[in-house]
Amino acid sequence: MHMDLEQFLIKKSNLISLLIKFFGQTSISEEASPWSTESLDTDVKNGLVIKASSLKELSSLIDVPVNNLVNSVNTWNRNAAKGIDPEYDRTMGVKPFSGPYYAYKNTPGNLGAIGGLKINKKCNVLDIYQQPITGLYAAGLNAGGWIGSYYPGSGTAVGGVIHQGRRAAKSILGLE
């Protein structure tokens, strides 16, 4: 979407992670669409996706200045008709879209506990005295401290998850 709209959303929410995905009916039939016609109808019915027949109507439903939304969609469609995305250099899914229009609000989320339950090398969960809690194990994104104080993300955690799962299983079976 056009930068004016994104800047408005960021300023309005004070959360850089707030994103609203805008798309039109023509986007649903695309191969990479996360929705089918049926699932989209269900999400509209459940209030997860907002549907409007015009950009003006959509702007009022999501509380975004109509000019920002219209200009953003027009800019997108004009560039997409040429097969370009000068703002993000995307090469896939760059196609114009038309109404009815939809908006989906992504909300911030976290895949792991980041701090998590503190574990020892056998993946036993430790109590506040650093002693193992009998029969309680943790691994992967729910185990804290094994990779520092951050979530490794983007597949980096997979190795740790597999390793810790095996370590916990060996410990439970008394093989360690």
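Since the structure is predicted, the reported quantities are computational estimates derived from the model, not experimental observations.

About the thresholds
Residues numbered from 1 in each chain as written. Predicted model: local features only at pLDDT ≥ 70, side-chain atom pairs only at ≥ 80, totals over all residues. Heavy atoms only, no water. Helix = DSSP H or I, 4+ residues; strand = E, 2+ residues; numbered from the N terminus. Buried < 20%, exposed > 50% of the residue type's maximum accessible area, 1.4 Å probe, protein only. Contact = heavy atoms within 4.5 Å. Areas by Shrake-Rupley, 256 points an atom, 1.4 Å probe, with all protein chains shown as cover. Core = buried A, V, L, I, M, F, W, Y, C linked by side-chain atoms within 4.5 Å. Phe/Tyr/Trp six-rings, centres within 6.5 Å; stacked < 30°, edge-to-face > 60°. Pairing = 2+ DSSP bridges. Arc of directions from axis to C-beta.

Enquirer: Describe the overall build of the chain, and please don't skip the residues or the numbers.
Expert: A tally of regular secondary structure across the chain gives five helices and seven strands. Going from the N terminus to the C terminus, the chain shows its helices and strands as α-β-α-β-α-α-β-β-β-β-β-α. Relative to its full complement of 176 residues, the chain shows a buried share of 30%. Put simply, of all contacts in the chain between residues at least 6 apart along the chain, 58% involve residues at least 24 apart. For the chain, the accessible area works out to roughly 11200 Å², and carbon and sulfur atoms hold 56% of it.

Enquirer: Provide a residue-level description of the nonpolar core, including the pertinent values.
Expert: Formed by 14 residues in total, the largest nonpolar core has its most connected members in F22, L58, I62, L69, V73 and Y101. At the level of secondary structure, the elements contributing two or more residues to this core comprise helix 3 (55-62), helix 4 (66-81) and strand 3 (101-106). L58 has contacts with F22, I50, A52, L69, Y101, Y102 and A103, leaving out every residue within four places of it along the chain.

Enquirer: Now, about the packing of aromatic side chains: what can you tell me, with residues and values included?
Expert: Scanning the model with the defined rule gives two aromatic pairs in all. Centre to centre, the rings of W35 and Y104 are 5.6 Å apart; their planes meet at 75°, and the pair counts as edge-to-face. A residue pair is termed long-range when its members are at least 10 positions apart, and W35 in the loop between strand 1 (19-24) and helix 2 (37-45) and Y104 in strand 3 qualify at 69 residues. Residue class for W35 comes out buried when judged on its relative accessible area of 10%. Aromatic pair F97 and Y101: ring centres 6.1 Å apart, planes at 70°, arrangement edge-to-face. By relative accessible area, Y101 is classed as buried at 14%.

Enquirer: Which residues make up the pairing of strand 6 (residues 132-137), and what values do they have?
Expert: Pairing analysis gives two bridges linking strand 5 (residues 124-126) to strand 6, with the strands arranged antiparallel. Opposite L126, over in strand 6, you have P132 as the bridge partner. Linkage of strand 5 to strand 6, two consecutive antiparallel strands, is achieved through a turn of five residues, within which Q130 is found at a positive phi near 65°.

Enquirer: Describe in detail the side chain of D85, supporting the description with residues and values.
Expert: Turning to its location among the elements, D85 is positioned in the loop between helix 4 and strand 3. Apart from the residues within four sequence positions on either side, D85 is in contact with W76, R90 and V94.

Enquirer: Quick one: what's the story with helix 3, residue by residue and with numbers?
Expert: All buried positions along helix 3 are accounted for by L55, L58, S59 and I62. Considered in projection along helix 3, the buried side chains sweep an arc of 100° and stay on one side of the axis. Exposed positions of helix 3 whose direction lies more than 90 degrees from the buried face are K56 and S60. A positive phi of about 60° marks D63, the residue just after helix 3.

Enquirer: Now, about unusual backbone geometry: what can you tell me, with residues and values included?
Expert: Trans is the prevailing form of peptide bonds, just as negative phi is the prevailing case for residues other than glycine. Following G99, the chain continues to P100 via a peptide bond in cis, the omega torsion being 0°. Position of P100 relative to the elements: it lies in the loop between helix 4 and strand 3. With a phi angle near 60°, D63 is a residue other than glycine that sits in the positive phi range. Tracing the chain through its elements places D63 in the loop between helix 3 and helix 4.

Enquirer: Please give an account of the environment of L48 that cites residues and values.
Expert: Relative to the elements of secondary structure, L48 occurs in the loop between helix 2 and strand 2 (49-52). Residue class for L48 comes out partly exposed when judged on its relative accessible area of 48%. Excluding its chain neighbours within four sequence positions, the residues that come into contact with L48 are D43, A103 and Y104.

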